[in-house]
Amino acid sequence: MITRRRLAAGAGALLALLTAGLARPSTALADETTARQPKVNLVLDVSGSMRARDIDGQSRMAAAKQAFNEVLDATPEDVQLGIRTLGADYPGDDRKRGCRDTAQLYPVGPLDRTEAKAAVATLVPTGWTPIGPALLKAADDLDGGTGSKRIVLISDGEDTCAPLDPCEVAREIAAKGIGLTIDTLGLVPNTRMRQQLSCIAEATGGTYTSVEHTDELTDRVNQLVDRAADPVVTPVATEGGTACTGAPTLESGLYTDRAEFGQQRWYRVDVRPGQELRASVSVSADRAVRPDYGVLLRAVTVHGREIVRGEAAGNGRTDVISTGLRYPKPETDDEDAPAEAVCLQVTSSFSAAPGVETTPGLPLELTLDVVDGPSDADDVAAFGLGRGWWLLGALVLAGFLAGLLWGWVSRWRIAVWRTN
């Protein structure tokens, strides 16, 4: 009897261990899947001005609630969504308290539509417009995970809590290199509000949209939430060196950095014989800069000899300027030949307009791709001449023959004419 009990106990323990062993990978897989899920934080202005009745015959707050209910119904299952408010709780005149008035109405996570709608239904236009503090908190709400992160800010007025400038806050968030995008929507906008919300969006690569109707608000927020669910490549934050020596060594991928005004940024890439380096760089003017600027991307050896360069110029009509280069490293008969460090230098000639902050620097995005070099192209003919040269030669020959034929016909017609 004792033996049977011991066998039964051992079998039970073994079964428990097997069950735990099977459960752990499943739990780990679930945690990894959750970490990769996209996150969206809807930040809603609930300040006193949202009482105004100028959107389709209803108040701005009522229009926002209606749009939110429809957005919550349409949110994809794999998107973790949260709602943060600003100006929803403090109705008084104490500026210090009013500028702390931001709260997470619904935490970022798996969406319970009924609970989220019930929370939105309780909102009443109340207080101040602390956009800067709300953005800082909203970024903290999205901390963690490897999926895309997006803040959608909906407001009907300018920030009332300067000197914490929302534009500067957005630039600080972008400088962290966490791949967070801020999109802004302005309800019944004026010029100053449009400028501020546009600045916030541009600082993080987001978009600004002017909204004057409920259906426009619903459609735009739905688009932005759906966009968060699209697969994206999040740039890796890096910091370029001031010279090739000591610059970070990067592999193929997408990187983000900050291009300081009047300074160079250096990066290193290892390229083996027979490989080709493809690099491109984009610099965004996320604030007012002087017109007539340029960006230069150079590939040089560690000894400073220039290999190839790409450059582009702008005149102030666009806020992003890009250039790129390609460098194929020749093959060698030495199979053990080591990789060669190629130094990439990024130089821009942007200069800030009067009164514009120069720090942090302008957003810089660097794309690197090291691939096997192209084999002999099939359009390369003898002596290194391409098909275009052969076509030109054929046309020259055809023209020569046509000239001979026309000359012979002309002489024959003249001879016949003289005879007659």
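Residues numbered from 1 in each chain as written. Predicted model: local features only at pLDDT ≥ 70, side-chain atom pairs only at ≥ 80, totals over all residues. Heavy atoms only, no water.

The strand order β7-β9-β16-β11-β14 describes an open sheet built from 5 strands, whose pairing is mixed. Of all the strands in the sheet, the pair left with one neighbour each is β7 (236-237) and β14 (320-328). Examined bridge by bridge, strand β11 (residues 275-284) and strand β16 (residues 362-372) share 9 bridges and lie antiparallel to one another. Bridge pairing in β16 places L277 opposite V370. (Pairing = 2+ DSSP bridges. Helix = DSSP H or I, 4+ residues; strand = E, 2+ residues; numbered from the N terminus.)

Here helix α7 (residues 191-203) contains 13 residues, and its C-alpha end-to-end distance of 18 Å stays within 8% of the 18 Å for a straight helix at 1.5 Å per residue. Residues of α7 that are buried: M193, Q196, L197, S198, C199, I200, A201 and A203. Near the N-terminus of α7, the side chain that reaches the backbone nitrogen of R192, with its oxygen 3.3 Å away, is that of N190. One or two residues past the end of α7 sits G205, with phi positive at roughly 75 degrees. (Expected span 1.5 Å × (residues − 1). Buried < 20%, exposed > 50% of the residue type's maximum accessible area, 1.4 Å probe, protein only. Polar contact = N/O pair within 3.5 Å; in protein donor to acceptor, adjacent residues only side chain to side chain.)

Now for a nonpolar patch on the surface. Residues L397, F400, L401 and L404 make up a contiguous nonpolar surface patch of about 420 Å² in total accessible area. Position of L404 among the secondary structure elements: in helix α9 (residues 387-419). Of the residues examined, L404 reaches a relative accessible area of 48% and is grouped as partly exposed. (Patch = residues over 30% accessible without salt bridge, like charges linked within 9 Å, V, L, I, M, F, W, Y side chains within 5 Å. Areas by Shrake-Rupley, 256 points an atom, 1.4 Å probe, with all protein chains shown as cover. Salt bridge = Lys/Arg side-chain N within 4 Å of Asp/Glu carboxyl O.)

A word on the packing of helix α2 (residues 60-74) against helix α8 (residues 214-229). One can describe the packing of α2 onto α8 by two numbers: an axis separation of 9 Å at closest approach and a directional angle of 35 degrees. Where α2 crosses over α8, the handedness of that crossing is right-handed. Note on element contacts: α8 touches α2 through T214, L217, T218, V221, N222, V225 and D226, opposite A63, A64, Q66, A67, E70, V71 and A74. For the contact of α2 with α8, the per-class residue count stands at 8 nonpolar, 4 polar and 2 charged. (Axes fitted to C-alpha atoms, helices over the stretch in contact; angles between N-to-C directions. Left-handed = near helix turned anticlockwise from the far one by under 90°. Contact = heavy atoms within 4.5 Å. Nonpolar A, V, L, I, M, F, W, Y, C, P; charged D, E, K, R; others polar.)

Our next topic: unusual backbone geometry. Between T359 and the following residue, P360, the backbone shows a cis peptide bond with an omega angle of -5 degrees. In this structure, P360 sits in the loop between β15 (340-348) and β16. One non-glycine residue, D56, lies in positive phi territory at about 55 degrees. Locating D56 in the fold gives a position in the loop between β1 (39-45) and α2.

With that settled, consider α8. Between its first and last C-alpha, α8 extends 23 Å over 16 residues, near the 22 Å set by a 1.5 Å rise per residue. Taken together, the buried positions of α8 are occupied by T214, L217, T218, R220, V221, N222, L224, V225 and A228. Where α8 is buried, its residues contact β1, α2, β2 (80-86), β4 (149-155), β5 (180-187) and β6 (208-211).

Summary statistics for the protein chain give a mean pLDDT of 84 and a share of 86% for residues scoring 70 or more. Per-element confidence in the protein chain ranges from a low mean pLDDT of 51 for helix α1 (residues 2-35) to a high of 96 for strand β8 (residues 249-250). The model gives residues 1-7 a pLDDT under 50, and that stretch makes 0 contacts with residues more than four places away or in other chains. Low pLDDT, under 50, characterises residues 17-24; the stretch is placed with 0 contacts to residues that sit more than four places away or in other chains. (pLDDT = per-residue confidence, 0-100.)

On to the pairing of β5. Of all 8 residues that make up β5, 8 are buried, and the element is covered over most of its length. Here β5 shows two buried faces, one formed by L180, I182, T184 and G186 and the other by T181, D183, L185 and L187. Bridge count between β4 and β5: 7 bridges; the pairing is parallel. Bridge pairing links L153 to T184 in β5. The parallel pair β4 and β5 is bridged by helix α6 (residues 166-175), and the resulting crossover is right-handed. Across 4 bridges, β5 lies against β6 in parallel orientation. (Right-handed = clockwise from strand over helix to strand, strands pointing away.)

Our next topic: the state of the cysteines. All told, the structure shown has 3 disulfides when counted by the stated rule. At a sulfur-sulfur separation of 2.1 Å, the disulfide partner of C167 is C199. Of the two residues, C167 sits in helix α6 while C199 sits in helix α7, which places them 32 residues apart along the sequence. The exposure class assigned to C167 is buried, which follows from its relative accessible area of 7%. Two residues, C244 and C343, share a disulfide whose sulfurs are 1.8 Å apart. Separated by 99 residues along the polypeptide, C244 in the loop between β7 and β8 and C343 in strand β15 bring together distant segments of the chain. Pair check on accessibility: C244 and C343 agree, each one buried. Across the protein chain, the disulfide pattern expressed with sequentially numbered bonded cysteines is 1-2, 3-4, 5-6. (Disulfide = S-S within 2.5 Å.)

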